[in-house]
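As a plain string of letters, each chain reads:
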Amino acid sequence: MAFPYLEAVIGIMILSYIFESYLDLRQHAAHKLPNLPKTLEGVISQEKFEKSRAYSLDKSYFHFVHEFFTIVTDSMILYHGILPWFWKKSAEFLLVVGLNAESEIWQTLVFLAGLMIWSQITDLPFSLYSTFVIEARHGFNKQTVWLFFRDIFKGIGLSLLLGPPIVSALVVIGKKGGPYLAIYLWGFMFVLSIVMMTLYPILIAPLFNKFTPLPEGELREGIEKLASSLKFPLKRLYVVDGSTRSSHSNAYMYGFFNNKRIVLYDTLIQQCKNEEEIVAVIAHELGHWKLNHTLYSFVAVQIIMFLQFGGYTLVRKLVGLFRSFGFDTQPVIIGLIIFQHTVIPLQHLLSFGINLVSRSFEFQADAFAKKLGYGAALRAGLVKLQEENLSAMNTDPWYSAYHYSHPPLVERLAAIDELEKKED
């Protein structure tokens, strides 16, 4: 008797959903708590706490509905054999338009295009509600309906432009990779990731946002002085018009070797009136660079990717696996999709481990900024960002341990205070 791979995968998906829903319920209960954590009393205003609480609860209710819809539709698609049905329909479509229905590349492109259309249609109501109801209700949404749909169409256009050559290469490598398939797939994705990280900020990001040099002044001088003191090879310092879409704020850096750039959201500059707070936030980000967190994360991603492709090579010729999902053949892209479904438990464990390391990196970067003398400013900046973004003030420890890549504000402030006590 053949092993019921399909039923096992659906069962694992449902169990994962139940487990994560339990964590969501714990976090939902934390959102309902009527008081601030003691650490934040006198730090966060009661008005901001009430707004944060309302925002968090709205997002939580929305999340329950979205996740329930997702697990039901995904399970039904697998159980009722929609994927193999659509794979066959993709070949029939090629015949209708006069293309080679025997070409796995063409069939894969049509298949993925159909999945993209389905994804856009099913996700659109949730995206609209999240953006124009929840985000707007709490004062975050700044984009118009036109800008919302323009971004979607730009994203689709980029997918149509970049997707076919990438997918075609994956299919060719998958068909001809032989015993070194995992190495070839990883090598291709490694080169692709380098190219995309190079081109994205230069060619793609400007399609969605406007990047302008940070004007001369005390803020620019402070950041440049900080970068110079750490020998950070800063080449460009930009402000991005994040306020055209949302009032959420952020800052990040990117670039390879001696060609680094720092980007500040205009909302961050508007919200942090004290420029030293912004410099402190940048000191935290530069701490990630100085402590090699960015490099470690990149290497970890490459190792995980290689192991994933290695796992794929072990299952790609399991005829019983493909037949369990309703496929008579073993197409490359279908094998990759099925493999991702079969390793869901490992992906959750891996995500948990990555978040654990990421939170450790955040504490280290905070400590780095503190050692540079930005302890008080960083503390004030973190509080300001928490308030302005209406981030959750009360967090469930299980939920945050499983989901959060950054420690809750309470833990970060406690760590900074502990460092100050040690110095005293």
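An account of the accompanying structure is given in this report. Keep in mind the model is a prediction, meaning the values are calculated, not measured.

### Quick word on the sheet that holds strand E3 (residues 251-254)
Move 1: Strand order in this open sheet of 4 strands is E1-E2-E4-E3, and the pairing throughout is mixed. The strands lining the two open edges of the sheet, one partner per strand, are strand E1 (211-213) and E3. Going from strand to strand, the sheet's axes swing by 30 degrees on average, the running direction of each strand aside.
Move 2: In this structure, E1 lies alongside strand E2 (residues 234-240), joined through 3 bridges in antiparallel fashion. Each residue of the ladder has a partner; that of Pro213, found in E2, is Tyr238.
Move 3: Contacting E1, E2 and strand E4 (260-265), helix H7 (residues 218-229) crosses the sheet at an angle of about 145 degrees to E2.

### As for the packing of aromatic side chains
Move 1: Scanning the model with the defined rule gives 22 aromatic pairs in all.
Move 2: Seen in terms of ring centroids, Phe3 and Tyr5 are 4.9 Å apart; in terms of plane orientation they differ by 65 degrees. Their pairing is edge-to-face.
Move 3: For the pair Tyr180 and Tyr184, a centre-to-centre distance of 6.4 Å together with 65 degrees between the ring planes defines the contact as edge-to-face.
Move 4: Since its relative accessible area comes to 45%, Tyr184 is described here as partly exposed.
Move 5: Here a set of aromatic residues connected by ring pairs shows up, and it is made of Phe62, Phe69, Phe126 and Tyr129.
Move 6: One cation-aromatic arrangement involves Arg26 over Trp398; the distance from NZ or CZ to the ring centre is 4.2 Å.

The rules we used
- Residues numbered from 1 in each chain as written.
- Predicted model: local features only at pLDDT ≥ 70, side-chain atom pairs only at ≥ 80, totals over all residues.
- Heavy atoms only, no water.
- Pairing = 2+ DSSP bridges.
- Helix = DSSP H or I, 4+ residues; strand = E, 2+ residues; numbered from the N terminus.
- Axes fitted to C-alpha atoms, helices over the stretch in contact; angles between N-to-C directions.
- Contact = heavy atoms within 4.5 Å.
- Phe/Tyr/Trp six-rings, centres within 6.5 Å; stacked < 30°, edge-to-face > 60°.
- Buried < 20%, exposed > 50% of the residue type's maximum accessible area, 1.4 Å probe, protein only.
- Lys NZ or Arg CZ within 6 Å of the ring centre and 35° of its normal.

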